[in-house]
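In case you want the letters, here they are:
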Amino acid sequence: SLLHDGPYAFELRLGPPRPDSDPSEELRKLNLPDGGPGRSAPRAGVDGCWRCGCCGSANYPRRSTCFRSACGSSRDARGTALVQAYLDRLQSSSDSAPASKTTE
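Residues numbered from 1 in each chain as written. Predicted model: local features only at pLDDT ≥ 70, side-chain atom pairs only at ≥ 80, totals over all residues. Heavy atoms only, no water.

Engineer: Whenever I open this one, the side chain of Ser 57 confuses me. Can you help?
Structural biologist: Locating Ser 57 in the fold gives a position in the loop between β3 (50-51) and β4 (58-59). Ignoring sequence-local partners within four residues, the contact set of Ser 57 consists of Trp 50, Arg 51, Cys 52, Cys 66, Phe 67 and Arg 68. (Helix = DSSP H or I, 4+ residues; strand = E, 2+ residues; numbered from the N terminus. Contact = heavy atoms within 4.5 Å.)

Shown next as structure tokens:
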């Protein structure tokens, strides 16, 4: 199915739900940086960032609830699909990366 989020469009191939794993938890294990000094704010639809269905705020993919304390809504299925697609892309690129050479 085609997902439109603002100016971005994504083709998502949704497989069966993965009830045993939260894609945000898997991303936190990878210890990837997100916002902070010198980094951009989250943009929904970019690198797994998702838009809150309640307040419309963009959230980093490691979040499973909206960052706004006044909102705090759980990520919806659309946001989870974006995060899962991002995680799958990261995992497939690391699986296909060539092994590093060691020198003696």
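Engineer: I would appreciate a short explanation of the confidence of the model for the protein chain in the present structure.
Structural biologist: In low-pLDDT segments, the atomic positions of the prediction should not be examined closely. Looking at the protein chain, pLDDT values average 76 and 66% of them are 70 or higher. Here residues 99-104 scores under 50 on pLDDT; set against residues more than four positions off or in separate chains, the count is zero contacts. (pLDDT = per-residue confidence, 0-100.)

Engineer: Quick question: what am I supposed to make of the state of the cysteines here?
Structural biologist: Such a bond, covalent and formed between the sulfur atoms of two cysteines, is termed a disulfide. Tallied over the entire structure, the rule returns zero disulfides. Here Cys 55 is not disulfide-linked; the sulfur of Cys 66 is the nearest cysteine sulfur, at 3.6 Å. In this structure Cys 55 comes out as partly exposed when scored by relative accessible area, which is 29%. (Disulfide = S-S within 2.5 Å. Buried < 20%, exposed > 50% of the residue type's maximum accessible area, 1.4 Å probe, protein only.)

Engineer: Got a minute to help me understand the nonpolar core in this structure?
Structural biologist: Most often, soluble globular proteins keep nonpolar side chains buried together rather than apart. Of all hydrophobic cores here, the largest spans eight residues; its members are Leu 27, Trp 50, Cys 52, Cys 66, Leu 82, Val 83, Tyr 86 and Leu 87. Considering each element in turn, this core owes the most residues, four residues, to helix α2 (residues 77-95). (Core = buried A, V, L, I, M, F, W, Y, C linked by side-chain atoms within 4.5 Å.)

Engineer: Sorry, what's going on with unusual backbone geometry here?
Structural biologist: A negative phi holds for most residues other than glycine; trans holds for most peptide bonds. A positive phi is found at Asp 47, a non-glycine position, where the angle reads about 50 degrees. Residue position: Asp 47 is located in the loop between α1 (23-30) and β3. Exposure remark for Asp 47: the relative accessible area of 45% places this residue in the partly exposed category.

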